[in-house]
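# Secondary and tertiary structure notes
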Amino acid sequence: MATIKEIAQLANVSPATVSRVLNQDETLAVTQEVRNQIFKIAHELKYIPPKMRHAQNGNQIVIGVADWHIVRKDRPDMRLDSLSCIAATMSQKADVSFRRIVYGEDMKVDGIIAFGSFSEEEMNFLRRQSYAILFVNSELKDYEFDRIIMDYKQGLIDMVHYLLDQKEYRSIGYIGGIYEAAGVRIGVHRLEGLQEILRQKGCYEEKYFCVGELSRESGYKLTKGLLATGDVPEVLILGNDEVAEGALEAIKEQKYRIPKDIAVVIYRDIETLQTKYPTYTSLRMLPDMVWSTAIKLLLERIIDKRKDSMKVYLPAKLEVGDSA
């Protein structure tokens, strides 16, 4: 059986840090990437918290994650590795595991965490898998299901306020992308939300907004093209982790120093790759509190048989780092 000491050795942190992370201690001053690494190692080693070791054999709960409206089908959802450990801190009654749902492929699950708004056909598909569904940022108007509503706009306002009013930058640019397939559009809301806020502030400049695909290659190409003009904003906001990886490669290739020559902020939602820039300033669209709240509410439905629905509002979170 894996131990906290073994996890600590592999993660290169202290056993105390591992213990506090696995117990969801939000006061611990470590980066999100360190937390994710600890959860990933614990998952790979099949670590079982003490409170779960006496759970009855065979008492398994499987939760599906429906994320096809915010993550491309051909990209991984790296957060799944950490969710079992988060769930283990919330329930002594069952061993909880997570699986990514592929639309159109039936899957045996006990509950679902679903991201985004879904068509009636997609809703029927989700209902076939389980009636215990929690929606994150859905436009549902009824009270059939639990919902978490993300205040993305406030997160954007906080970010722009920090950049313009606190740091006193004078120009903001954007490198991002839009993905469209089978009626799914990813990347639109963050782009349009930022444009709206900058227009209200009187500092939106279209020439600094470069939009292509949601990929590393597109991020590199767009950034290189912008830098080649010689007319560069003081801050670049990067549309997701993959775009950021390509954009930052271009910035360093052109010998720009971060943040001395150009400041950087990265949009982070569901991670599709292990970031190379864990200390950079970021707007975390789905912070840990979203996952822990979603799992808690869903387990109440599945295990405790709670019937009344709940709606919870949570903010996106600006994490100030060393890049802006």
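Scroll up to find the structure.
First things first, this report covers the structure right here in the doc. The residue count restarts for each chain, going from 1 along the sequence in the order it is written. Confidence filtering applies because this is a predicted model: local features only for residues at pLDDT of at least 70, side-chain atom pairs given and counted only at 80 or more, and all residues used for totals across whole chains, interfaces and linings. Here the side-chain values reflect all heavy atoms present in the structure, with hydrogen atoms and water set aside.

Every buried residue belonging to helix α1 (residues 4–11) is among Ile7, Ala8 and Ala11, and all of these are buried. Buried positions in α1, seen along its axis, are confined to an arc of 100 degrees and lie on one side of it. Along α1, exposed side chains directed more than 90 degrees from the buried face belong to Lys5, Gln9 and Leu10. Think of it this way: any DSSP run of H or I at least four residues long counts as a helix, any run of E at least two long counts as a strand, and we number them from the N terminus. Positive phi appears at asparagine 12, one or two residues downstream of α1, with a value of about 60 degrees. Residue exposure (1.4 Å probe, protein chains only): buried if accessible area is under 20% of the type maximum, exposed if over 50%, otherwise partly exposed. In this description, one arc is meant: the one made by directions from the helix axis to the C-beta atoms.

All right, on to the sheet that holds strand β13 (residues 311–315) then. Each strand in a sheet pairs with its neighbour through backbone hydrogen bonds, running either in the same direction (parallel) or in the opposite one (antiparallel). By the convention used here, strands pair only if DSSP detects at least 2 bridges between them. Pairing is parallel in the open sheet, where 6 strands are placed in the order β2-β1-β3-β4-β5-β13. Two strands close off the open sheet at either side, each with one partner strand: β2 (95–100) and β13. The average undirected angle you get between the axes of adjacent strands in this sheet is 20 degrees. Of the strands in this sheet, β1 (60–66) and β2 touch helix α4 (residues 80–88), which is tilted by about 160 degrees from β2. Convention adopted: a line fitted to C-alpha atoms gives each axis, helices being fitted over their contacting stretch, and angles between N-to-C directions are expressed from 0 to 180 degrees. By definition, residues are in contact when any of their heavy atoms lie within 4.5 Å.

The 6 strands are arranged β9-β6-β10-β11-β12-β14 in an open sheet whose pairing can be described as mixed. Every other strand in the sheet has two partners, leaving β9 (209–212) and β14 (317–319) as the edge strands with one partner each. On average, each strand axis in the sheet is inclined to that of its neighbour by 15 degrees, with strand direction left out of account. Looking at chain direction, strand β6 (residues 172–177) and strand β10 (residues 235–238) are connected through 4 bridges and run parallel. Along β10, the bridge assignment pairs tyrosine 174 with isoleucine 237. Each of β6, β10, β11 (263–268), β12 (282–284) and β14 is contacted by helix α6 (residues 152–166), which is oriented at about 170 degrees to β11, the strand it contacts most. Its contacts with the sheet place helix α7 (residues 188–201) against β6, β9, β10 and β11, and it is angled at close to 170 degrees to β9.

Glancing now at the packing of aromatic side chains. Pairing of aromatic rings covers Phe, Tyr and the six-membered ring of Trp, with a centre-to-centre limit of 6.5 Å; geometry is then stacked below 30 degrees between planes, edge-to-face above 60, and tilted otherwise. What the rule picks out here adds up to 12 aromatic pairs. Where tyrosine 103 meets phenylalanine 125, the ring centres are 5.1 Å apart and the plane angle is 90 degrees; that geometry is what we call edge-to-face. Residue tyrosine 103 is located in the loop between β2 and β3 (111–115), and its partner phenylalanine 125 is located in helix α5 (residues 120–129); the two are separated by 22 residues in the primary sequence. Grouped by ring-pair contacts, the aromatic residues Trp68, Tyr103, Phe118, Phe125, Tyr131, Phe135 and Phe145 constitute a single cluster. The rule for a charge over a ring is simple: NZ of Lys or CZ of Arg within 6 Å of the ring centre, and within 35 degrees of the ring normal. Over the face of the ring belonging to tyrosine 267 we find arginine 190, whose NZ or CZ atom lies 5.7 Å from the ring centre. One Lys or Arg, arginine 199, reaches over the ring of tyrosine 204 and ends 4.5 Å from the middle of that ring.

We now examine the packing of α1 against helix α2 (residues 15–22). Following both chains from N to C, one finds α1 and α2 inclined at 105 degrees, their axes separated by 8 Å at the closest point. Between α1 and α2, the angle falls in the class roughly perpendicular. Of α2, the residues touching α1 (which contributes Ile4, Ile7 and Ala8) are Pro15, Val18, Ser19 and Leu22. Residues are sorted three ways: Asp, Glu, Lys and Arg are charged, Ala, Val, Leu, Ile, Met, Phe, Trp, Tyr, Cys and Pro are nonpolar, and all the rest, Gly among them, are polar. Here the residues of the contact of α1 with α2 are counted per class, giving 6 nonpolar, 1 polar and no charged. Throughout this description, any angle smaller than 35 degrees is read as roughly parallel, any larger than 145 degrees as roughly antiparallel, any in the 65 to 115 degree range as roughly perpendicular, and the remainder as oblique.

To continue, consider the state of the cysteines. In plain terms, two cysteine sulfur atoms within 2.5 Å form what is called a disulfide here. The final tally for this structure, using the stated rule, is 0 disulfides. Distance from the sulfur of cysteine 203, which forms no disulfide, to the nearest cysteine sulfur (cysteine 210) is 16 Å. With relative accessibility at 16%, the residue cysteine 203 sits in the buried group.

What follows deals with the environment of serine 309. For serine 309, the location among the structural elements is in the loop between α10 (288–302) and β13. We classify serine 309 as partly exposed; its relative accessible area is 23%. Between the C-alpha atom of serine 309 and that of methionine 289, which follows or precedes it by 20 residues, the distance is 19 Å. Those residues in contact with serine 309 that sit more than four places away from it in its chain are Tyr143, Phe145, Asp146 and Arg301. We define a polar contact as two N or O atoms separated by no more than 3.5 Å, with the added condition that, inside protein, one atom must be a possible hydrogen donor and the other a possible acceptor, whereas residues neighbouring each other in sequence contribute only through side-chain atom pairs. For serine 309, the side chain forms a polar contact with the main-chain oxygen of tyrosine 143, separated by 2.8 Å.

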